[in-house]
Amino acid sequence: MQTTKNIVLIGFMGTGKTTVGTLLSERTGMPLVDMDSLIEARAGKAISAIFAEDGEPRFREYERELTIELAQLEGQIISTGGGIVVNPNNVTDFSKKGFVVCLLASAEEILKRVKHDESRPLLAGDKQQKIVELLEQRRPLYEAIEHSVHTDGKEPKQVADEIFSAYKQCTS
Ligand code: S3P
């Protein structure tokens, strides 16, 4: 039986996963699942409140549980949270039925994109320093993902086009 692979978008905060996911969803007709939004809806509170009240480890459990659930679906565009790579089992599970692609961006570009956004608990305080440190720490995890697209200086539409072409090649 023919199956439609999920497209799973991975990448650091501010790499454009949700924006690109929306474009890919419009283009393919496949529904978009935004993991952070779903976690917030199920927990009944914002990500920042989950971090503040329950702690990051609890948030990672929510992420892990949702990954196990979503990785079994087909034909979805899945926009993950930037820290999905922290547990390598998440990437392994998504890879079983999905085309997993990492959106890459430089620290400068990420800072430009998240400068005025206060919703991300891991970037509270000195944003530039936090981005540089966390990006450095996670770099090997993002680089280990088979497919990747550089996003610096590109419009989301171009990034979505590149991902769609790679997805088609991989699934044809
Ligand atoms: C996180 C990224 C966020 C969100 C949470 C933790 C991370 O998602 O899941 O704040 O650890 O990188 P976005 O990448 O959508 O900002």
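Quick caveat, the model's predicted, so the values are computed rather than measured. The numbering scheme is per chain: residues are counted from 1 as the chain's sequence reads. For a predicted model such as this one, the threshold for reporting local features is a pLDDT of at least 70, and the threshold for listing and counting side-chain atom pairs is 80 or more; totals across whole chains, interfaces and linings nevertheless cover every residue. Values reported for side chains reflect all heavy atoms of the structure, with hydrogen atoms and water molecules removed beforehand.

Caption draft 1: Representation of the sheet that holds strand β3 (residues 77–79) in the model. Two strands are said to pair when DSSP picks up at least two bridges between them. Helix numbers and strand numbers start at the N terminus; a helix is a DSSP run of H or I with at least 4 residues, a strand a run of E with at least 2. One open sheet holds the five strands; their spatial order is β2-β3-β1-β4-β5, and the pairing between them is parallel. Whereas interior strands pair on both sides, the edge strands pair on one side only; in this sheet they are β2 (32–34) and β5 (147–150). Each strand axis lies, on average, 25 degrees off the axis of its neighbour in the sheet, ignoring direction. Pairing of strand β1 (residues 6–11) with strand β4 (residues 98–104), which is carried by six bridges, proceeds in the parallel orientation. In the strand pairing of β4, Ile7 is matched with Phe99. Strand contacts of helix α8 (residues 156–171): β1, β4 and β5, with the helix running at about 150 degrees to β4, the strand carrying the most contacts. Note on geometry: axes are lines fitted to C-alpha atoms, helical ones only across the stretch in contact, with angles between N-to-C directions running from 0 to 180 degrees. Whether two residues are in contact is decided by their heavy atoms, any of which lying within 4.5 Å being enough.

Caption draft 2: Local environment of the layout of surface pockets. A volume near 550 Å³ is recorded for the largest pocket. Taken together, 30 residues make up the lining of the largest pocket; nearest its centre are Met13, Asp36, Gly81, Gly82 and Arg120. Contributions of two or more residues to the lining of the largest pocket are made by α1 (17–28), α2 (35–43), α3 (47–54), α4 (56–70) and α6 (107–114). Taken together, the residues of the lining of the largest pocket sort by class into eight nonpolar, twelve polar and ten charged. Cavity and pocket criteria rest on a 1 Å grid covering protein atoms alone: a 1.4 Å probe that fits but cannot get out defines a cavity, protein on both sides within 12 Å along at least 5 of 7 lines defines an open pocket, and an atom within 4 Å of a point defines a lining residue. Grid points are joined across faces, edges and corners, and a volume is the space filled by probe spheres set on the points. Its boundaries defined by the atoms lining it, the second largest pocket holds a volume of some 180 Å³. Together, 13 residues line the second largest pocket, and Leu104, Ala105, Ser106, Leu135 and Arg139 are the ones closest to its centre. Within the residue set of the lining of the second largest pocket, elements represented by two or more residues are β4 and α7 (127–143). Element by element, the count of residues in the lining of the second largest pocket is highest for α7, at four residues. Nonpolar residues are Ala, Val, Leu, Ile, Met, Phe, Trp, Tyr, Cys and Pro. Charged residues are Asp, Glu, Lys and Arg, and all others, Gly as well, are polar. In terms of residue class, the lining of the second largest pocket is built from six nonpolar, four polar and three charged.

Caption draft 3: Spotlight on the packing of α2 against α4. The geometry of α2 relative to α4 is characterised by a closest axis approach of 10 Å and an angle of 110 degrees between their N-to-C directions. By the angle between their axes, α2 is roughly perpendicular relative to α4. Helix-helix and strand crossings are classified by hand; for α2 and α4 the assignment is right-handed. Taken together, the residues of α4 that come into contact with α2 (itself represented by Met35, Asp36, Leu38, Ile39, Arg42 and Ala43) are Phe59, Tyr62, Glu63, Leu66, Thr67, Glu69 and Leu70. Of the residues that constitute the contact of α2 with α4, the class distribution is eight nonpolar, one polar and four charged. Our angle categories are set so that under 35 degrees counts as roughly parallel, over 145 as roughly antiparallel, 65 to 115 as roughly perpendicular, and the remainder as oblique. Each helix crossing is assigned a hand: it is left-handed if the near helix lies turned anticlockwise from the far helix by less than a right angle, otherwise right-handed if that turn is clockwise.

Caption draft 4: Representation of the site of the ligand. Proximity criterion: a residue is near a molecule or strand once any of its heavy atoms comes within 4 Å of it. For the ligand, the set of nearby residues contains 14 residues, the closest of which are Lys17, Asp36, Arg60, Arg120 and Arg138. Under this definition, polar contacts are N or O atom pairs within 3.5 Å; protein pairs additionally need one hydrogen-donor-capable and one acceptor-capable atom, and for neighbouring residues in sequence, both atoms have to be side-chain atoms. At 2.9 Å from an oxygen atom of the ligand is found a main-chain nitrogen or oxygen belonging to Gly82. In the environment of the ligand, an oxygen atom lies 2.7 Å from a nitrogen or oxygen atom belonging to the side chain of Arg138. Note on areas: these come from Shrake-Rupley sampling with a 1.4 Å probe, and a residue is covered only by the protein chains present in the view. Here the ligand loses 94% of its free accessible area of 380 Å² to cover by the protein chains. To decide whether a molecule occupies a pocket or cavity, check its atoms: if more than half lie within 2 Å of the grid points, it is inside. Because more than half of its atoms lie within 2 Å of the grid, the ligand is assigned to the largest pocket. Elements supplying a minimum of two residues to the shell around the ligand: α3 and α4. In the shell around the ligand, the residues fall into six nonpolar, three polar and five charged.

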